[in-house]
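Survey of secondary and tertiary structure
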Amino acid sequence: MKTEKNLFRHESLQSIKGAQEILKAITKGLAKGLLSFSDDDGEIRLAPKGLINLKVTARKEDDYHRLDIRLSWQANDGGAKKSTLKVGHDE
């Protein structure tokens, strides 16, 4: 059995608007079924389909705030657990 492993990792400082644009591009890619990530160090293309596992973690410790969003899926989408997430914001 052939195992294919590719890893793409990117870290940079972004403005809130810049982060919004990246998240918008990710949502558009999800809608089209193709995500493409690239920078000077490499690139990766992912093709999500079927059910996607979504994990959201939010943490506040003093002045340090962190939000992690993880999406994962397998070629076969069996066994995924569905749950309802509510995300809010103050206007």
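In what follows, the accompanying structure is described. Given the structure is predicted, the values throughout are model-derived calculations rather than measurements. (Residues numbered from 1 in each chain as written. Predicted model: local features only at pLDDT ≥ 70, side-chain atom pairs only at ≥ 80, totals over all residues. Heavy atoms only, no water.)

1. Things to note about the overall build of the protein chain
In plain terms, the rule: By definition, any uninterrupted DSSP run of H or I lasting at least four residues is a helix, any uninterrupted run of E lasting at least two residues is a strand, and each is numbered from the N terminus. Partly exposed residues are those whose accessible area sits between 20% and 50% of the maximum for their type, while under 20% is buried and over 50% is exposed, using a 1.4 Å probe and protein chains only. Any two residues having at least one pair of non-hydrogen atoms within 4.5 Å are treated as being in contact.
Secondary structure assignment for the protein chain yields 1 helix and 4 strands. Secondary structure of the protein chain in N-to-C order comes out as α-β-β-β-β. Counting across all 91 residues of the protein chain, residues that qualify as buried make up 5%. Long-range pairs, those at least 24 residues apart, make up 34% of the contacts in the protein chain between residues at least 6 apart in sequence.

2. Thoughts on unusual backbone geometry
At Asp62, a residue that is not glycine, the phi angle is positive and equals roughly 55 degrees. Looking at the secondary structure, you find Asp62 in the loop between strand 3 (53-61) and strand 4 (64-72). The exposure class of Asp62 is exposed, given its relative accessible area of 79%.

3. Considering the layout of surface pockets
Condition: As defined here, a cavity is a set of points on a 1 Å grid over the protein atoms alone where a 1.4 Å probe fits but cannot get out. A pocket is an open set with protein on both sides within 12 Å along at least five of seven lines, and residues line them when an atom is within 4 Å of a point. Grid points are joined across faces, edges and corners, and a volume is the space filled by probe spheres set on the points. Side-chain classes are defined by residue name, with Ala, Val, Leu, Ile, Met, Phe, Trp, Tyr, Cys and Pro counting as nonpolar, Asp, Glu, Lys and Arg as charged, and the others, Gly among them, as polar.
The volume enclosed by the largest pocket comes to roughly 2000 Å³. As for the largest pocket, its lining consists of 36 residues, of which Ile22, Leu23, Ile26, Leu67 and Ile69 are closest to the centre. Taken together, the elements giving at least two residues each to the lining of the largest pocket come down to helix 1 (16-32), strand 1 (35-39), strand 2 (42-46), strand 3 and strand 4. For the lining of the largest pocket, the element with the highest residue contribution is helix 1, accounting for 10 residues. Across the lining of the largest pocket, the residue classes tally to 18 nonpolar, 11 polar and 7 charged.

4. Describing the environment of Ala25
Following the sequence through the fold, Ala25 ends up in helix 1. The partly exposed category is assigned to Ala25, whose relative accessible area is 48%. Linking Ala25 and Ser36, residues 11 residues apart in sequence, is a C-alpha distance of 9.5 Å.

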